[in-house]
Amino acid sequence: MKRCLQLAKCGEYYTAPNPMVGAALVYDGKIIGEGFHRRYGGAHAEPNAIRSVKEPSLLEKSTLYVNLEPCSHYGKTPPCADLIVSKQIPRVVIGSSDPNPKVAGKGIEILTNAGIEVTVGVMEDACRMLNKRFFTYFLQKRPYVFLKWAQTYDAFIDKKRQSVENGKALLISNDVTAQLTHKMRAENQAIMVGTQTIALDNPHLTLRNWRGRNPVRIAIDRRLRINREFNIFDGKTPTVLFTEKEHPPKKNVAKKNVEYIKIDFNEKLIENMLNMCYKKNIQSVLVEGGAQLLNTFIASGLWDEANVEVGHTAIGNGVQAPAFSDVPDIVKTYGGNKWLHYKNKHKQPVSAENIENVSNV
Ligand SMILES: NC(=O)c1ccc[n+]([C@@H]2O[C@H](COP(=O)([O-])OP(=O)(O)OC[C@H]3O[C@@H](n4cnc5c(N)ncnc54)[C@H](OP(=O)(O)O)[C@@H]3O)[C@@H](O)[C@H]2O)c1
């Protein structure tokens with residue numbers, strides 16, 4: 001199973017919204033075949049592992065190990081459980097059952113009904129942890145949320161600026177941490193920022209310093225005040241803007257890969273935005289600022305992990321950084337900056353009413 005997890009991780013950055021899955025075939029104590037899910041829409045781990053076996057007659061005497069329950073439905077590829085049955089593999093060891101209601105136990109049922117010996121729950125915690133975004137999405141009906149910001153030694157995320165003309169954002173990150181942030185962008189399906197961050201920083205919010213795919217860009221534009229000349233309107237990657245305006249612009253917007261979504265800002269803003277992400281099959285969101293958006297997330301309790309970079313200079317005053325009452329669970333140093341990791345120990349579930357709203361997706 002450890003080997004399956006290693007293999008699964010080879011698909012990192014390219015499988016979402018599918019999970020990372022690795023599979024190994026063992027005969028007589030030796031791995032005779034292995035494979036992983038390489039990219040969304042491509043073959044699953046099990047057929048890749050089965051295809052890699054040089055002596056197919058050994059399949060009938062082998063054990064298949066896989067970190068997630070084999071699928072039972074026709075998605076972009078045929079059901080893996082049927083393939084395992086047709087290859088007459090006598091034993092299957094599974095890390096965790098699949099939380100996707102389209103599978104959820106049905107894959108295991110196909111195997112056991114065919115007389116295959118099935119073991120479920122080997123290294124289950126590690127298997128769920130590897131796909132924490134996928135599991136959170138299906139079990140909590142919301143994306144997995146990471147918060148990330150950089151602050152000065154005296155806890156400011158920027159100097160006070162009124163407009164772009166007041167100069168560029170304060171540089172706190174170094175080359176190493178800037179790259180780490182891009183790694184986080186690659187690991188998550190969407191990146192979200194507040195209106196003021198767009199207005200003052202004009203960020204591209206794309207992936208440049210790491211391999212992988214661009215995340216979906218999400219920004220708040222409550223009153224439609226973000227000018228079309230800003231970089232997020234460059235059409236290079238899908239972009240979603242949340243607004244409260246009744247008639248958000250339609251003309252030329254779709255062509256630019258931009259979608260406006262009207263939501264209620266007065267109540268449960270974060271929950272409403274995460275609901276929309278859920279409906280769009282977005283399983284993870286990296287919230288990169290600014291302070292107001294981050295504070296709203298922290299107050300909602302709807303976040304999972306936070307990474308706070310602390311520089312070594314003090315600026316005296318500026319935009320106050322958000323703060324946690326808890327202590328970080330991991331502290332590292334990268335290129336001279338501290339990198340504090342927090343886990344949300346007080347997670348709030350999405351309210352039942354909102355779960356009902358999204359449960360038919
Ligand atoms: N160091 C870092 O890691 C980092 C990262 C990102 C940004 N920044 C800095 O942070 C500063 C911007 O932060 P900020 O706190 O001023 O602004 P922000 O969080 O980026 O955006 C706030 C704006 O978003 C809209 N909004 C409305 N309701 C909201 C709600 N409930 N929660 C969140 N946003 C809501 C509002 O726009 P309307 O007024 O139109 O309603 C509000 O003014 C900039 O100086 C930027 O450079 C630093």
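Residues numbered from 1 in each chain as written. Predicted model: local features only at pLDDT ≥ 70, side-chain atom pairs only at ≥ 80, totals over all residues. Heavy atoms only, no water.

1. A few points about the site of the ligand
(1) Moving on: D158, T197, R223, R225 and Q292 are the nearest of the 24 residues found near the ligand.
(2) Moving on: Within the backbone of G290, one N or O atom sits 3.1 Å away from an oxygen atom of the ligand.
(3) Moving on: One of the backbone N or O atoms of Q292 is found 2.7 Å from an oxygen atom in the ligand.
(4) Moving on: The protein chains hide 85% of the 900 Å² of surface that the ligand would expose on its own.
(5) Moving on: At the level of secondary structure, the elements contributing two or more residues to the shell around the ligand comprise β6 (144-151), β7 (156-158), α8 (195-201) and α10 (291-300).
(6) Moving on: Broken down by element, the residue count for the shell around the ligand peaks at five residues, all from α8.
(7) Moving on: Classifying every residue of the shell around the ligand by side-chain character gives nine nonpolar, eight polar and seven charged. (Near = heavy atom within 4 Å. Polar contact = N/O pair within 3.5 Å; in protein donor to acceptor, adjacent residues only side chain to side chain. Areas by Shrake-Rupley, 256 points an atom, 1.4 Å probe, with all protein chains shown as cover. Helix = DSSP H or I, 4+ residues; strand = E, 2+ residues; numbered from the N terminus. Nonpolar A, V, L, I, M, F, W, Y, C, P; charged D, E, K, R; others polar.)

2. A few points about the sheet that holds strand β11 (residues 258-262)
(1) Moving on: One open sheet holds the nine strands; their spatial order is β11-β10-β9-β8-β12-β6-β13-β16-β15, and the pairing between them is mixed. In this open sheet, the two edge strands, each paired with only one partner strand, are β11 and β15 (330-334). Taking the axes of each pair of neighbouring strands and ignoring which way they run, one obtains an average angle of 20 degrees across the sheet.
(2) Moving on: Strand direction decides the pairing type here: strand β10 (residues 239-243) and β11, joined by five bridges, are parallel. Bridging from a neighbouring strand, T239 pairs with V258 of β11. (Pairing = 2+ DSSP bridges. Axes fitted to C-alpha atoms, helices over the stretch in contact; angles between N-to-C directions.)

3. Details of the sheet that holds strand β1 (residues 22-27)
What holds strands together in a sheet is hydrogen bonding between their backbones, with the strands either parallel or antiparallel.
(1) Moving on: As summarised here, the arrangement of the five strands in space is β2-β1-β3-β4-β5, forming an open sheet in which the pairing is mixed. Since the sheet does not close on itself, it has two edges, and those belong to β2 (30-36) and β5 (117-120), each with one partner. The sheet shows a mean angle of 15 degrees between the axes of neighbouring strands, taken without regard to direction.
(2) Moving on: Where β1 meets strand β3 (residues 63-68), four bridges bridge the pair, whose relative direction is antiparallel. By the bridge assignment, V26 is partnered in β3 with T63.

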